[in-house]
Amino acid sequence: MNKAGVEMVLIEPGEFMMGSPETEKERSSDEGPWHKVKITKPYYLGKYEVTQAQYEAVMGNNPSYFKGENNPVERVSWNDAKAFCGKIGCRLPTEAEWEYACRAGTTTPFSFGETISTDQANYDGNYTVIKGVYGVYRQKTMPVGSFQPNAWGLYDMHGNVWEWCEDVCHDSYAGAPTDGSAWTTGGLYQEWGILRGGSWVSPPHLLRSANRDGIVPGLSYDRPGFRAAWTP
């Protein structure tokens, strides 16, 4: 499916365990409580992170520091990402939709298994995680699709650029929706937006499927990007 030049993958409904169990290494307290979420409706999610060429074609500018037509757009705020999605009739994924799609049916820390390498994702290879190995540190973003996709055909769900979600930031999942919808009220950090997936400069533990981060929605720097979602 193609939405205004953004290639998308159909994600079927299903159930998954969101967050991480207390036994997962490198976990943070905001990844709990580990809880079941039921995605009740099919949705489409960008096969790739939105590229600079796509962003410029819609918005008329390219804010990215690491220039490249097929590289993911970065230095975009939550507000910028929302504006782009609105112009092409899409939206940002909810945090639950993002993690469900990232995991692609897995329960391991990464969609590729218990650990990850710089052959599989773009991150700071000067660090290792969960019996992993050291790798390269490319010190920049890479063209989308440079690494293998997860089992559902989605690229760069781990690393390259952080990805904005629709939700506001909470310090735990206590009281979170269990139907896959966006959590847009309450929380200690309700003035912050949620970012998922890690980036080119992240140590690998921040690329885990359950990891969460957040910043002020109006802030942009050389790490946040996004992928678009659409409900048919």
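The notes below deal with the structure included here. (Residues numbered from 1 in each chain as written. Predicted model: local features only at pLDDT ≥ 70, side-chain atom pairs only at ≥ 80, totals over all residues. Heavy atoms only, no water.)

Here proline 72 is to be found in the loop between α1 (52-59) and α2 (78-87). Taking relative accessible area as the criterion, proline 72 reaches 0% and is therefore assigned buried. On a C-alpha basis, the gap between proline 72 and proline 232 in space is 25 Å, while along the polypeptide they are 160 residues apart. The residues touching proline 72, leaving out its near neighbours within four places in the chain, are Glu49, Val50, Thr51, Gln52, Ser64, Thr141, Met142, Val144, Asn160 and Val161. (Helix = DSSP H or I, 4+ residues; strand = E, 2+ residues; numbered from the N terminus. Buried < 20%, exposed > 50% of the residue type's maximum accessible area, 1.4 Å probe, protein only. Contact = heavy atoms within 4.5 Å.)

Attention now goes to the packing of α1 against α2. One can describe the packing of α1 onto α2 by two numbers: an axis separation of 10 Å at closest approach and a directional angle of 70 degrees. With respect to α2, the axis of α1 lies roughly perpendicular. Within the contact between the two elements, α1 uses Gln54, Tyr55, Val58 and Met59 and α2 uses Asp80, Ala83, Phe84 and Lys87. Counted by class, the contact of α1 with α2 contains five nonpolar, one polar and two charged residues. (Axes fitted to C-alpha atoms, helices over the stretch in contact; angles between N-to-C directions. Parallel < 35°, antiparallel > 145°, perpendicular 65-115°, else oblique. Nonpolar A, V, L, I, M, F, W, Y, C, P; charged D, E, K, R; others polar.)

Here the focus is the packing of aromatic side chains. Tallying each qualifying case throughout the model produces nine aromatic pairs. For the ring pair tyrosine 100 and tryptophan 152, a centre distance of 5.1 Å and an interplane angle of 70 degrees mean the geometry is edge-to-face. With a gap of 52 residues between them, tyrosine 100 in helix α3 (residues 95-103) and tryptophan 152 in the loop between α3 and β6 (162-169) connect regions that are remote in the sequence. Using a relative accessible area of 6% as the deciding quantity, one classes tyrosine 100 as buried. Judged by its relative accessible area of 29%, tryptophan 152 is partly exposed. Here the aromatic residues Phe16, Tyr100 and Trp152 are joined through ring pairs into a cluster of three or more. (Phe/Tyr/Trp six-rings, centres within 6.5 Å; stacked < 30°, edge-to-face > 60°.)

Counting buried positions along α3 yields nine of nine residues, so the element is predominantly enclosed. Looking at α3, one finds that the buried residues are Glu95, Ala96, Glu97, Trp98, Glu99, Tyr100, Ala101, Cys102 and Arg103. Trailing α3 by a residue or two, alanine 104 shows a phi angle of about 50 degrees, which is positive.

Our next topic: the nonpolar core. Judged by nonpolar contacts, the single largest core of 22 residues is most densely connected at Ile11, Ile39, Tyr43, Leu45, Ala101, Leu154 and Met157. Among the elements of the structure, β2 (6-11), β3 (14-18), β4 (35-39), β5 (43-46), α3 and β6 are those that each provide at least two residues to this core. A total of five residues in this core trace back to one element, the largest contributor, which is α3. Excluding anything up to four places from it in sequence, methionine 157 contacts Leu45, Trp98, Ala101, Cys102, Asn150, Glu163, Gly197 and Arg227. (Core = buried A, V, L, I, M, F, W, Y, C linked by side-chain atoms within 4.5 Å.)

Considering all chains together, one arrives at eleven salt bridges under this definition. The salt bridge partner of glutamate 24 is arginine 208, with a shortest N-O separation of 2.7 Å. In this pair, glutamate 24 sits in the loop between β3 and β4 while arginine 208 sits in the loop between β7 (189-196) and β8 (213-215), placing the two residues 184 residues apart along the sequence. Summarising the burial analysis for this pair, glutamate 24 and arginine 208 share the class buried. Notably, a salt bridge pairs glutamate 166 with lysine 82, separated by 2.8 Å at the nearest N-O pair. Of this pair, glutamate 166 sits in strand β6 while lysine 82 sits in helix α2; the two residues are 84 residues apart in sequence, bridging distant segments of the chain. (Salt bridge = Lys/Arg side-chain N within 4 Å of Asp/Glu carboxyl O.)

Taken by themselves, the reported measurements are silent on function.
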